Amino acid sequence: LSEATGGVLTGPFGSLLHKSDYVEDGIPLVNPAHITETGIEPDPRKTVSKTTARQLSNYIMRAGDIVIGRRGEMGRCALVTDAEDGWLCGTGSFFIKPSSRCDPRYLVRFLRSNGCRQRLEKLAGGAVMPNLSNADLGKLSIALPSIDRQKTVVEAIDALAAETQRLEAIYQQKLAALGELKKSLLHRAFN
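For clarity, every value in this text was computed on a predicted model and none was experimentally measured.

With that settled, consider unusual backbone geometry. Phi at Asp25 takes a positive value of approximately 60 degrees, unusual for a residue other than glycine. Mapped onto the fold, Asp25 is located in the loop between strand S2 (22–23) and strand S3 (27–30).

Orientation of helix H2 (residues 104–112) relative to helix H5 (residues 147–190), taken along the N-to-C sense of each, is 60 degrees, at an axis distance of 9 Å. As judged from the angle between their axes, H2 and H5 are oblique. For the pair H2 and H5, the sense of crossing is left-handed. Residues Arg105, Tyr106 and Arg109 of H2 pack against Gln150, Lys151, Val153, Val154, Ile157 and Asp158 of H5. Its residues assigned to classes, the contact of H2 with H5 shows four nonpolar, one polar and four charged.

Counted by the stated rule, this structure contains 11 salt bridges. Here Arg109 ties to Asp158 by a salt bridge, and the two come within 2.4 Å at their closest N and O atoms. Of the two residues, Arg109 is situated in helix H2 and Asp158 in helix H5; the sequence distance between them amounts to 49 residues. With a shortest N-O distance of 3.8 Å, Glu180 and Lys183 are connected by a salt bridge. Note that Glu180 and Lys183 are positioned in helix H5 at a spacing of three residues, about one turn of the helix. The structure contains a network of salt bridges with shared partners spanning Glu37, Glu73, Arg76, Arg112 and Arg117.

About the thresholds
Residues numbered from 1 in each chain as written. Predicted model: local features only at pLDDT ≥ 70, side-chain atom pairs only at ≥ 80, totals over all residues. Heavy atoms only, no water. Helix = DSSP H or I, 4+ residues; strand = E, 2+ residues; numbered from the N terminus. Axes fitted to C-alpha atoms, helices over the stretch in contact; angles between N-to-C directions. Parallel < 35°, antiparallel > 145°, perpendicular 65-115°, else oblique. Left-handed = near helix turned anticlockwise from the far one by under 90°. Contact = heavy atoms within 4.5 Å. Nonpolar A, V, L, I, M, F, W, Y, C, P; charged D, E, K, R; others polar. Salt bridge = Lys/Arg side-chain N within 4 Å of Asp/Glu carboxyl O.

Encoded structure:
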């Protein structure tokens, strides 16, 4: 992974960031709890001032980076978009810099895949909570077809995801209509 990308970087260690550094509605920190299936959802209470962010400038993420949790649920990752550009990688996360060899959207899909999650869980130590090291993540071997093929794979997965969401919406509408029909029939039966 480290050879295919611009490198794997670790968020600040606890000694660099203290509870007293947190302010409300400042520059967000991205920890694993903030990484969702659809992207990054910041906690307005887990932010720092601009001054603190400047002191932690080595941990500032840019659009195109990938943030991935290093503790807890393995494979939890998201692409940093323009909306999150300038946010800080939190203490429980790594961020991966992009390269011309690896499409970031492809890498997110790969890291979230069941097979990769299982491999990451085996790499992660920790009896109570899995904890992945920077070195182990960097050594992770990844399937890396040509950049054009990576983009084709992502487009196909995105198309399937969109179709799945469309079918799910139709299914939910039908369930709601059936529920209304059931209520109507019961109402008529008891009247």
